[in-house]
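Breakdown of the fold
Spelled out, the chains give:
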Amino acid sequence: MTVPPGRRERKKAATRQKIADTALRLFLERGYEAVGIREVAAEADVAVTTLFSHFASKEALVFEQDQDFEQRLTQAVTGRAPDEPLLPALRREIHALVRHCTADGAAPIWHMIEASPALREYEESMRLRHAESLAAAIAADPGLSRTTTACRTIARFVIDAYALAREAADPEAAVDEIFRMIEAAWEVASPARRA
C-alpha cells in the first residue's frame, strides 16, 4: 500500500505545477526567448529562488515532466512481471508517452521547442540521459543477459522511437513499426545468436 503524500509534499507539488503552468502559458503567449525567469516567478507569485528550487533551468520549465518520463521508462523495465518480456513492456510505455505528447494542445509546445535552439539542445541532452538510465536498468536485469553495448543501443532505439513516432502522421502505427525493428535488433543481440 502506498502512503498518500503529506501536506508539505502536496503543497510543493502544487507550487511546482503552478510555476510550470505559468511558464508554459507565458512562453506560448509571448515566445520562449521573450520571457525571462524573473517574469515567470513574478507571474507565478513565487521568489526566483523558489522557482530554481523546483527547476534547474529555464529550459526545464518546458520539460517539467522530464523526471517522471525517465522514471516511467526505467519502471517499465524494473516493474514488469517476472515472466513478462522486456520489449512489450517498453512498447506499452512508449505508446503511453507518445499519446501524452501528441494529445490535443501539444502541437504549439512542439512548435515552440523546434523554434528554439536552446530547447532543442536541452531536449537532446534529456533524451541521451533517459537512454542512459534506461540502458542501466536493462543491463541490471540478470534475466536479460545482453552486452552493455546491446543495452545502450536498444535504449537509444527506444528513446528514438518515442521522438520519431511523436512526429509521425500516425504515431500509434509508427511506434508499432519501430518496435518491430527494435525486436529484431534485440533478437540479434541475444546470447544464443552471439554464440
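The rules behind the values
- Residues numbered from 1 in each chain as written.
- Predicted model: local features only at pLDDT ≥ 70, side-chain atom pairs only at ≥ 80, totals over all residues.
- Heavy atoms only, no water.
- Axes fitted to C-alpha atoms, helices over the stretch in contact; angles between N-to-C directions.
- Helix = DSSP H or I, 4+ residues; strand = E, 2+ residues; numbered from the N terminus.
- Parallel < 35°, antiparallel > 145°, perpendicular 65-115°, else oblique.
- Left-handed = near helix turned anticlockwise from the far one by under 90°.
- Contact = heavy atoms within 4.5 Å.
- Nonpolar A, V, L, I, M, F, W, Y, C, P; charged D, E, K, R; others polar.
- Buried < 20%, exposed > 50% of the residue type's maximum accessible area, 1.4 Å probe, protein only.
- Core = buried A, V, L, I, M, F, W, Y, C linked by side-chain atoms within 4.5 Å.
- Salt bridge = Lys/Arg side-chain N within 4 Å of Asp/Glu carboxyl O.

Attention now goes to the packing of helix H6 (residues 86-101) against helix H9 (residues 148-167). In contact at an axis separation of 9 Å, H6 and H9 are set at 30° when each is read in the N-to-C sense. It follows from the interaxial angle that H6 and H9 lie roughly parallel. The crossing of H6 and H9 is right-handed. Counted together, Leu87, Leu90, Ile94, Leu97, Val98 and Cys101 of H6 and Ile154, Val158, Tyr162, Ala165 and Arg166 of H9 form the full contact between these two elements. Of the residues belonging to the contact of H6 with H9, the class tally is ten nonpolar, no polar and one charged.

Bringing the environment of Glu64 into the picture now. Considering the arrangement of structural elements, one finds Glu64 in the loop between helix H4 (58-62) and helix H5 (66-78). Look at Glu64 and you get buried, because its relative accessible area is 18%. Distance from Glu64 to Leu24, taken between C-alpha atoms, is 9.7 Å for residues 40 residues apart in sequence. Aside from chain neighbours lying at most four places away, what touches Glu64 is Arg16, Gln17, Ala20 and Phe55.

It is worth spelling out the nonpolar core at this point. Judged by nonpolar contacts, the single largest core of 57 residues is most densely connected at Phe27, Val40, Val62, Leu90, Ile94, Leu134 and Ile138. With residues up to four places along the chain from it excluded, the contact list for Phe27 reads Tyr32, Val35, Val40, Lys58, Leu61, Val62 and Met112.

If you walk through the whole model with that rule in mind, you get 17 salt bridges. When the shortest N-O distance is used, the salt bridge between Arg30 and Glu39 registers 2.2 Å. Accessibility expressed as a relative area gives 42% for Arg30, which makes it partly exposed. Since its relative accessible area comes to 34%, Glu39 is described here as partly exposed. When the shortest N-O distance is used, the salt bridge between Asp66 and Arg129 registers 2.5 Å. With Asp66 in helix H5 and Arg129 in helix H8 (residues 117-140), this pair connects stretches of sequence that are 63 residues apart. For Asp66, a relative accessible area of 8% corresponds to the buried category. Overall, the relative accessible area of 33% leaves Arg129 in the partly exposed class. By sharing partners, the salt bridges in this structure join Arg25, Glu29 and Glu43 into a single network.

Further remarks concern unusual backbone geometry. Although it is not a glycine, Asp45 adopts a positive phi angle of roughly 60°. The exposure class assigned to Asp45 is exposed, which follows from its relative accessible area of 65%. For Ser145, which is not a glycine, the phi torsion comes out positive at approximately 35°. Relative to the assigned elements, Ser145 resides in the loop between H8 and H9. Residue classification places Ser145 among the partly exposed positions, given a relative accessible area of 40%.

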